[in-house]
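Results of the structural survey
Residue-level listing of the chains:
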Amino acid sequence: MTRDEVPPLTDSAAWKDFPWRDYDLVIIDSLDASTEGVGEKDSAKPSRAISPILDIAHRSNGPAVLVLGNTIKTAAHARGSGVVEDRGDIVYEIRDATDLSPSGKKPWWLELPRAGADAWAERAARRKRRDRYRLALVPSKFRVAAEPDPFILEIDLASLPWTLRDVTEEVVRAGEEAKKKAAQERDQKSGRRLRS
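Cut-off values and rules
- Residues numbered from 1 in each chain as written.
- Predicted model: local features only at pLDDT ≥ 70, side-chain atom pairs only at ≥ 80, totals over all residues.
- Heavy atoms only, no water.
- Helix = DSSP H or I, 4+ residues; strand = E, 2+ residues; numbered from the N terminus.
- Contact = heavy atoms within 4.5 Å.
- Pairing = 2+ DSSP bridges.
- Axes fitted to C-alpha atoms, helices over the stretch in contact; angles between N-to-C directions.

Let us look at the environment of Leu 135. Within the secondary structure, Leu 135 is located in strand β4 (residues 132-142). Distance in space between the C-alpha atoms of Leu 135 and Phe 151 is 8.4 Å, their sequence separation being 16 residues. If near-sequence neighbours (up to four positions away) are discounted, Leu 135 is found in contact with Ile 94, Arg 95, Ala 97, Phe 151, Ile 152, Leu 153 and Ile 155.

Turning our attention to the sheet that holds strand β6 (residues 163-166). The antiparallel open sheet is built from four strands, whose spatial order is β3-β4-β5-β6. Whereas interior strands pair on both sides, the edge strands pair on one side only; in this sheet they are β3 (90-96) and β6. On average, adjacent strands in this sheet sit at an angle of 30° to one another, irrespective of strand direction. Looking at chain direction, β3 and β4 are connected through seven bridges and run antiparallel. Counted as the bridge partner of Asp 96 is Leu 135 from β4.

Note that strand β5 (residues 151-156) and β6 share four bridges and pair antiparallel. Paired with Ile 155 across the strands is Leu 164, a residue of β6. In textbook terms, the turn of a hairpin is the stretch between consecutive antiparallel strands, and for β5 and β6 this stretch comprises six residues.

Next comes the structure, spelled out in structure tokens:
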């Protein structure tokens, strides 16, 4: 459904009539665009605005609901009062992992490039004409069960339909191989020193 067809989240009466049984997944892209007129700093208005989608998500056999939200320019935290994260059952931080080369010295998600508008713009300039992107999903809140490990999805736009695959194991293996290679290089250097 396009933006013209979907009522704003502030129209709770219209959302009561939303044909939720027709969908397995509802993606709101983005919360800011769906809640026009709702101030970011006031927690009461955003709370009322997301109530209709929470009602849909919590219905028996209701669809999953994915709400995309923006961070402030530095990516230090989400925009607004924090009510969306407070009300959500699961919150992920999505980070660019397209050029991630893990060292294996620490968990790969701690080696992700800097976040923030300036860093994203810098990397976007280097990614022109790419047809594959990797996005890391790092959980920051998981109310429904034990918090899962972060994971990386690769989006391939080279053909239609686009494909999506989990590449987390590949990244973990690359980190392990980098760590092993670094250890071998250290051993070779110390062996050369012993012979000298």
